[in-house]
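Results of the structural survey
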Amino acid sequence: MKQLSGMDNLFLNQEKRNQYMHVAAMGIYDPSTAPGGKVRFKQVLDFFTSRLHKSKVFSRRLVKPPFYMDRPYWIEGGKIDIEYHVRHIGLPHPGDWRQLMIQIARIHSRPLDMTKPLWEAYIIERLDNIPGIAPGSFALYIKFHHAAIDGQMGAELIEAIHSLQAEFESAGMEGHTIITDREPNFLELATRAVGHRADQLVTASKLAVNISRKAVDLGKEYGPKVLEAGEQYLSRSLGAQEKSTTESEHAKNGIPKTRFNQRVSPHRVVDATGVSLDACQEIRQNVEAVTINDIFLTVAGGAMRRYLDAKGELPEASMSAMMPISTRTGKGQDVGNQIGLAITSLATDVENPIQRLMRVGAKSKATKKVSSSVGAELPSQLLNVLPGALVEKALFYTIGHTSNVTVSNVRGPNVPLYLAGAKMQMFMPVSVAFDGSGLNVTGFSYDGTLWITVTCCRAMMPDPAFFSTCINEEFDALLAAAREHGQQVKGKSPTGRAKKAAAKKPAAKKPAAKKQPAKSKASVTAISS
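Residues numbered from 1 in each chain as written. Predicted model: local features only at pLDDT ≥ 70, side-chain atom pairs only at ≥ 80, totals over all residues. Heavy atoms only, no water.

1. Overview of helix α10 (residues 292-310)
In this model, α10 (19 residues) spans 27 Å end to end at C-alpha, consistent with the 27 Å of a helix rising 1.5 Å per residue. The buried fraction of α10 amounts to 16 of the 19 residues, a majority that puts the element mostly inside the structure. Looking at the residues trailing α10, positive phi occurs at glycine 312, about 70°. (Helix = DSSP H or I, 4+ residues; strand = E, 2+ residues; numbered from the N terminus. Expected span 1.5 Å × (residues − 1). Buried < 20%, exposed > 50% of the residue type's maximum accessible area, 1.4 Å probe, protein only.)

Following this line, the structure appears as structure tokens:
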């Protein structure tokens, strides 16, 4: 038995009829690379079965203490019913990108069965009319509850259920021990709850002292304005009177209210597009001291600017985003969600792409610096000791009133992956849309491409393909502006990093454009889903 952490339990408690807290991924595979040039569903089942021992997530299920006296536990469920968890469906005619996105959105809008291990996978065939995708390809959509995994662990799971080569032989579960936990009774759960509560009180007192020390250090380093902002933050977080998010409340915090800051419907839309990581590196070569994540945030903010401007709803003030930050210290850790939360500006009030990139980069660095000073793990620590009701109220007053959307960028493998011998051609993460933040833009890098997915409430964004078009247009504009910026910098005497780069590569060639298997063609030609 393993108890859920405070962060895990938060994601579990956020499960409601209009918002389901699972995260997912979809890959498209070319079966022509497999031995024999095709893949049968039975081979996919065998392939999955041979890898399920690589993570306990696949076999664990929830046990909830009676009367909500304590946080739930994971128990090992033993043998996995693979034919329940991995399902086989096909697209309706014409089998194009739009139909695929509709199918993914529908599956993503359905809750997981909370009495079973919290994951499901779907093999989707008849992808017959998607530009850039090999004929006969199939898709894998797989989802896990957010209470079980975070973004970084999700990336590790994706690697675990794939192989690095096309050759595959069914290995089954032979040689692997299957562990099954006994179902705990009422007395055992009650005893654990009493002991756990005593431990919480001790931990809370130590944490309070630690926070006080960090607050003093933060005040010395960043000045009284930070302390004043912190007091306002706590005042909003722990306020006694709860009310709905309003235009005036957003304005009070300097955050504009948009169509994405309302209660979400139960229905989702998704769409995705890919941008070349070689092109991202070219932007970095032309604009000093920016990261791939800065580029991702700039493009996401620019896409939101284009989208809302087309609707006549572009706010004058910049939109801000909640950005999860991984606090993991290594791979393969069985520690549940290990994330901190930071609020960062998307500079949507800046039209010039380079100026927006520089603003986003500066804000992101400042956010990370403050987060590092306070401790990125602080939200997780607070969630471990605070009552659930207080945590939900704190989230309502902080996230609901200090951010407009959610953004996340995860580094994935930079080599091809294979599923039962079929090569993965593209990959898209599918995330969570929740009350007060109905738009989620997620990035995931794979084999030379940064795939960017939009997940949103269907009532807030009925045209996700248009948002993907905005992403493509914004990235193209940023790349063109970066090239122009680089030419202007070259006209000046090189200094600093530019001088070192010139010494190493006096005549550097322009990075070759990498062919994208399902880049913007699929998204641009897709009709609203």
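2. Details of the pattern of salt bridges
Under the counting rule described, the total for this entry stands at 14 salt bridges. Close ionic contact of aspartate 435 with arginine 263 constitutes a salt bridge, the shortest N to O distance being 3.6 Å. Here the residue aspartate 435 occupies a position in the loop between β13 (422-430) and β14 (439-446), and arginine 263 occupies one in the loop between α8 (247-252) and β8 (268-276), the gap between them amounting to 172 residues. Note that aspartate 349 and arginine 359 form a salt bridge whose closest N and O atoms lie 3.7 Å from each other. Taken together, the residues aspartate 349 in the loop between β10 (339-345) and α11 (353-374) and arginine 359 in helix α11 connect sequence positions ten residues apart. Exposure remark for aspartate 349: the relative accessible area of 32% places this residue in the partly exposed category. (Salt bridge = Lys/Arg side-chain N within 4 Å of Asp/Glu carboxyl O.)

3. Observations regarding helix α5 (residues 151-160)
Among the ten residues in α5, seven count as buried, and that is most of the element. Within α5, the full set of buried residues consists of Met153, Gly154, Ala155, Glu156, Leu157, Ile158 and Ala160. Tucked into the core, α5 has its buried residues touching β2 (22-30), β7 (138-145), β11 (405-411), β13 and β14. A side-chain oxygen of the first residue of α5 lies 2.9 Å from the backbone nitrogen of methionine 153; this N-cap is aspartate 150. (Contact = heavy atoms within 4.5 Å. Polar contact = N/O pair within 3.5 Å; in protein donor to acceptor, adjacent residues only side chain to side chain.)

4. What to know about the sheet that holds strand β4 (residues 73-76)
Strand pairing in a sheet takes place through backbone hydrogen bonds and is either antiparallel or parallel in direction. Ordered in space as β1-β4-β3, the three strands form an open sheet in which the pairing is antiparallel. Strand pairing shows two members of the sheet lacking a second neighbour, β1 (2-3) and β3 (60-63), which therefore form its edges. Note: β1 against β4, two bridges, orientation antiparallel. Looking at β4, one finds that glutamine 3 is bridged to tyrosine 73. (Pairing = 2+ DSSP bridges.)

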